[in-house]
Every structure is written in C-alpha cells, then in structure tokens.
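Single-letter residue listing:
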Amino acid sequence: MSDFTKKDSLANIGYLAIGQETTKGTPVRPTVVVPLYEESLSTNLNLDMDNPIMGNRFARYFNFKGLREHKGTLKVLAEPKTFPHFLNMIMKKGTTTTAGSVQTHPFTVDNDTPVSKSYTIEILKGDVVYRFYGVEISRLAYIFEANTMKLNLTVSALGQFSIAPISSAATTAVVLATDYDDAPNKGIVAGDTLVFVKVTGGTSDTYEEKLVSAVNVNGTGVTVSALSGTFTTGDYCYLKKQALVPTLGEPFKWSGCKFYIGDTAAAALAGAETKVEQGSAIELIHEFNVDGGEKRSGSLDPVALVRKQFDVDIKIKKSFDDYKDFERFISIRKRSLIIRFFSTIISGTDKNEVRITINNLKIKEAPNPLKTGEIIYLDAAYSPQFDATDTQALDVKVINDVAGSAYN
C-alpha cells in the first residue's frame, strides 16, 4: 500500500470525457475528450426529511433515502470533431454521406423513437472521477466568448458512480456497501481501475489501485486484480482517472459565422449573406417530461428521460437600415433562416461546418428602441413553425472529416 496524499486541486488539471452508450443507461468507458470551461452537474439525493410527532421539538427526526436526480450544466468548446456527439444527445442522427474526405452528418427532429442517443460522461475533479450514465441534453445554446464559439448544455442523467463505501474486499473479491443504493456497482465497467482507500484499523489513508476484470450481476460485487491488503466497513473506493488523448479541430468562430435569410430555405441558401450583430443567439430545446427523469417504482434513480416537444429559440440583432423587416413583422410573413458556422478547410474549398436550417419562421417581437446617442437596431425574436412544403421545421448538419461510424 502507498500513503494517500490529501491536497488542494486546480480545476484545470481535470477533464471531461464522453462515450456513446449502446443501450440507454448502460455505462461505458468514455474516451472522447472535450474541452470544458465550467460545469454544475451533480447528484441531488432529495433526502426524505421526516418530521413525525415523536415528543421532540427538533425540526427533523429522520433523514431517509430520497428519489435522486442527476442534472446540471456544461460549458464546452464548439469544434467539428466532437460537436456531433452533443447533437446526438438532443436530436436524431441520419445517414452520413461521404464525398472524398468530406463527411456530412445530418440531424433532424424525428417522430420515431429513440429520438436521441444517451452517453456516459465522466468529469475528473481532483483525483476522483465522477461518472454519469444515461446522459442526454434538453437545451443546447450556441454562445460566443470573444471570437470563439462555445456550447451551453443543460443535461440530465439516469445515474452516477464516483465514491463507494466498501463492505468487504480481500484478494480479488470486492463487495460494495449498499448505503447509497442496492446496486452500488452500477457505473463501474470492466477495464476501469479502482483506488481503494484504507481509513480503518489504525492504517489511515493508505491506498492501492486495482484493475476491474468483472462487474458482478448481483449489483454489489466487483472482481479486481489481487489486493495486497484487506478493506472493510468504513473504507472506500473510487474510479481512477484515465490517461486520454484528445482529438480536436479548430473551433468555430464568430468571424466564420454567416446568416442567410430568404423566402424559402432554398432561396436563403442560394442568396447573399445577411450581416448580423453580436448578441444574436440560437438555442435548441428538446424538453424532458420531468427535468430530472421519470421517478418510477422500484428505483431511487430515475428510470427514463422521456421527451416532450422540440423547439428553437432564435434572436437576431441587425441594423435598422432595411425597413422591410419591420413590414414582415407586421404582416406575419414567412422567412427561412440558414446559419453556417465555419472552421478550417477539410480539402479544396470544403470547410468544417455546422449548418442550421430553419424552414419557416415568423417574427414575433421586433423592438427597435431609441436611446440618445446610440445606433438603432432591430432586435427580433422569431417563432419557428413546421413547414408543410419542406415537411420539416429544421435540421442541423455537421460537415467534418470524421466517419459517420464515430457517431452512430
């Protein structure tokens, strides 16, 4: 065993890694690294704080296990190689098309289920990996900080594994305690390394690291490479960090962002670029029926993330030099919008790109307020709708040089 060193930790030493699940809610070992700027993803135990009449004045007599939620936000870099993974968590991916080294990955709003995929994500904080599984996105907002594009993601998960109390552990057999859950080994995957920390028996804070070869179906057992010590109630284990290598492209930039507006989507794509102001924004919204997941019988964790309707929130700020836009607002006239975010060249004139097509939208708010000494802008908010002619409301395409199998 080695001595366990307690130390303060800098956030930048951590990482965010993601991995697509084959079956929703069945954890995998994430291997795709994504630059992370801030996050608030956490587990809410929702303790049942019971207050019976028990001849006692204190506000709570019991704290029982509650129905848990796992949710929060992530702010990540928007770049072409990892971008499709996040669209996977909120939309449905279609068939990738290939032209030489150029790969086009389409995403749509589909009535068939599943309407999106789930992922396992892990966040390294200090020396401890926090692994969330069954993760999907309900809101995806495109933002720009200076010239660099980032994504604000609102996510929910079905469960998590981070630190687990031990019931017993010797040689290769580990039994986890059920203080947190009746199946505490969910979230561990064969190939993981667990760090076992000894805090009992006068040998405080020594540890050893062991490779997981199997996760037992009984929900409590884990098989590891041979332990040199023994562990018991009061000791604990946690997931060891992985040594991961990122594969990233050049991020999308505001300077490479182009807006096209026309009477139809085809006309918009073929037309001239419309210059818009900073502060223009778009957010994809695919609501869950219950934000923290469905709290059905037989489980402390949510058992599903059930989707409701899809929506898009769009605001475009532009110069008030074309009064026709205000006439379109008054007349509730259809417009189509295509936003193209460009990065570096793949080959020839083909660039890494995210292309958002919104087929039919109406201006619902068009304020153009006056303030002394300032330029007048039209700060329009739009209401997208389904377009019967194009048979869709919107689609998103990511164009990069990564094969579609990476996102299927």
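Here, every reference points to the structure presented above.
Predicted model, so just to flag it, every value in this text is computed and none were measured. (Residues numbered from 1 in each chain as written. Predicted model: local features only at pLDDT ≥ 70, side-chain atom pairs only at ≥ 80, totals over all residues. Heavy atoms only, no water.)

1. Comments concerning the overall build of the protein
Per the secondary structure count, the protein includes three helices and 29 strands. When its C-alpha atoms are laid out on the principal axes, the protein stretches across 80 × 65 × 45 Å. Looking at the protein as a whole, 46% of its 408 residues are labelled buried. A sequence separation of at least 24 residues applies to 69% of the contacts in the protein between residues at least 6 apart. With an accessible surface of roughly 19600 Å², the protein has 51% of that area assigned to carbon and sulfur atoms. (Helix = DSSP H or I, 4+ residues; strand = E, 2+ residues; numbered from the N terminus. Buried < 20%, exposed > 50% of the residue type's maximum accessible area, 1.4 Å probe, protein only. Contact = heavy atoms within 4.5 Å. Areas by Shrake-Rupley, 256 points an atom, 1.4 Å probe, with all protein chains shown as cover.)

2. Some remarks on the environment of Lys-92
Position of Lys-92 relative to the elements: it lies in strand β9 (residues 92-93). For the pair Lys-92 and Thr-113, spaced 21 residues apart in sequence, the C-alpha to C-alpha distance is 8.9 Å. Once you skip the residues sitting within four places of it in the chain, Lys-92 turns out to touch Pro-106, Phe-107, Thr-108, Asp-110, Asp-112, Thr-113, Pro-114 and Val-115.

3. Here we look at the packing of aromatic side chains
In total, this model carries 10 aromatic pairs according to the counting rule given. Arranged with centres 6.0 Å apart and planes meeting at 85°, the rings of Phe-83 and Phe-252 form a pair that is edge-to-face. Here Phe-83 is found in helix α1 (residues 83-88), whereas its partner Phe-252 is found in the loop between β22 (236-239) and β23 (257-262), with 169 residues between them in sequence. Taking relative accessible area as the criterion, Phe-252 reaches 0% and is therefore assigned buried. On the basis of an interplanar angle of 70° and a centroid distance of 5.1 Å, the ring pair of Phe-144 and Trp-254 is categorised as edge-to-face. With Phe-144 in strand β13 (residues 128-145) and Trp-254 in the loop between β22 and β23, this pair connects stretches of sequence that are 110 residues apart. Taking the relative accessible area as the measure of exposure, Trp-254 reaches 17% and is therefore buried. Taken together, the aromatic side chains of Phe-83, Tyr-142, Phe-144, Phe-252, Trp-254, Phe-259 and Phe-341 make up a single cluster linked through ring pairs. Over the ring of Tyr-130 we find Lys-125; its NZ or CZ atom is 4.9 Å from the centre of that ring. Above the ring of Phe-342, the side-chain terminus of Lys-351 is found at 5.8 Å from the ring centroid. (Phe/Tyr/Trp six-rings, centres within 6.5 Å; stacked < 30°, edge-to-face > 60°. Lys NZ or Arg CZ within 6 Å of the ring centre and 35° of its normal.)

4. Some words on the pairing of β13
The buried count for β13 comes to 13 of 18 residues, which makes it a mostly enclosed element. Across six bridges, the pairing between strand β12 (residues 119-125) and β13 is antiparallel. Residue pairing in the sheet places Ile-123 in a bridge with Tyr-130 of β13. Here β12 folds back onto β13, and the loop between the two strands holds two residues, one of which, Gly-126, carries a positive phi near 65°. Note that β13 and strand β15 (residues 159-161) share three bridges and pair antiparallel. (Pairing = 2+ DSSP bridges.)

5. Structural notes on a nonpolar patch on the surface
Side chains of Met-54, Tyr-61, Phe-62 and Phe-64 sit close together on the surface and give an oily, nonpolar patch of about 370 Å² of accessible area. The residue Phe-64 is located in strand β7 (residues 62-64) in this model. (Patch = residues over 30% accessible without salt bridge, like charges linked within 9 Å, V, L, I, M, F, W, Y side chains within 5 Å. Salt bridge = Lys/Arg side-chain N within 4 Å of Asp/Glu carboxyl O.)

6. Notes on the nonpolar core
With 54 residues, the main nonpolar core has Phe-83, Phe-86, Leu-87, Leu-140, Tyr-142, Leu-151 and Leu-284 as its most contacted residues. Not counting residues up to four positions away in its chain, the partners in contact with Leu-151 are Leu-74, Lys-75, Val-76, Ala-78, Phe-83, Phe-86, Leu-140, Ala-141 and Tyr-142. Among the nonpolar cores identified, the runner-up in size contains 20 residues, and Val-222, Val-224, Leu-227 and Phe-231 belong to it. (Core = buried A, V, L, I, M, F, W, Y, C linked by side-chain atoms within 4.5 Å.)

7. Here's the deal with the pairing of strand β17 (residues 173-176)
Only one face of β17 is buried, namely the one carrying Val-174 and Leu-176, since none of Ala-173 and Val-175 on the opposite face is buried. By the bridge criterion, four bridges tie strand β16 (residues 163-170) to β17 in an arrangement that is antiparallel. Across the sheet, residue Ser-168 finds its bridge partner in β17, namely Val-175. In sequence, β16 turns back onto β17 through a hairpin of two residues, with Thr-171 there showing a positive phi of about 50°. Taken together, the three bridges between β17 and strand β20 (residues 221-224) define a ladder with antiparallel strand orientation. Across the sheet, Ala-173 pairs through a bridge with Thr-223, a residue of β20.

8. Section: the pattern of salt bridges
Evaluation of the coordinates by the stated rule reveals 27 salt bridges. One salt bridge connects Arg-139 with Glu-283, and the closest N-O pair in it is separated by 3.1 Å. Here Arg-139 is found in strand β13, whereas its partner Glu-283 is found in strand β24 (residues 281-288), with 144 residues between them in sequence. Here Lys-334 and Asp-387 are joined by a salt bridge, their closest N and O atoms 2.9 Å apart.

9. Brief notes about the side chain of Arg-340
One can find Arg-340 in strand β26 (residues 335-347). Side-chain polar atoms of Arg-340 contact the side chain of Glu-353, separated by 2.6 Å. When sequence neighbours within four positions are dropped, the list of residues in contact with Arg-340 reads Gly-256, Cys-257, Lys-258, Tyr-260, Leu-269, Glu-353, Val-354 and Arg-355. (Polar contact = N/O pair within 3.5 Å; in protein donor to acceptor, adjacent residues only side chain to side chain.)

10. Quick look at unusual backbone geometry
Both trends apply: most residues other than glycine have a negative phi, and most peptide bonds are in trans. Between Thr-113 and the following residue, Pro-114, the backbone shows a cis peptide bond with an omega angle of 0°. Residue Asn-46 is not a glycine yet carries a positive backbone phi of 45°. Turning to its location among the elements, Asn-46 is positioned in the loop between β5 (42-44) and β6 (48-50). Taking relative accessible area as the criterion, Asn-46 reaches 29% and is therefore assigned partly exposed. For Thr-391, which is not a glycine, the phi torsion comes out positive at approximately 55°. With respect to the helices, strands and loops of the structure, Thr-391 is situated in the loop between β28 (377-384) and β29 (394-400).

11. Comments concerning the side chain of Asn-359
In this fold, Asn-359 is placed in strand β27 (residues 350-365). Using a relative accessible area of 3% as the deciding quantity, one classes Asn-359 as buried. A distance of 2.9 Å separates the side chain of Asn-359 from the side chain of Asp-390, its partner in a polar contact. Every residue in contact with Asn-359, bar those within four places of it in the chain, is listed here: Ala-265, Lys-334, Arg-335, Ser-336, Asp-387, Asp-390, Gln-392, Ala-393 and Leu-394.

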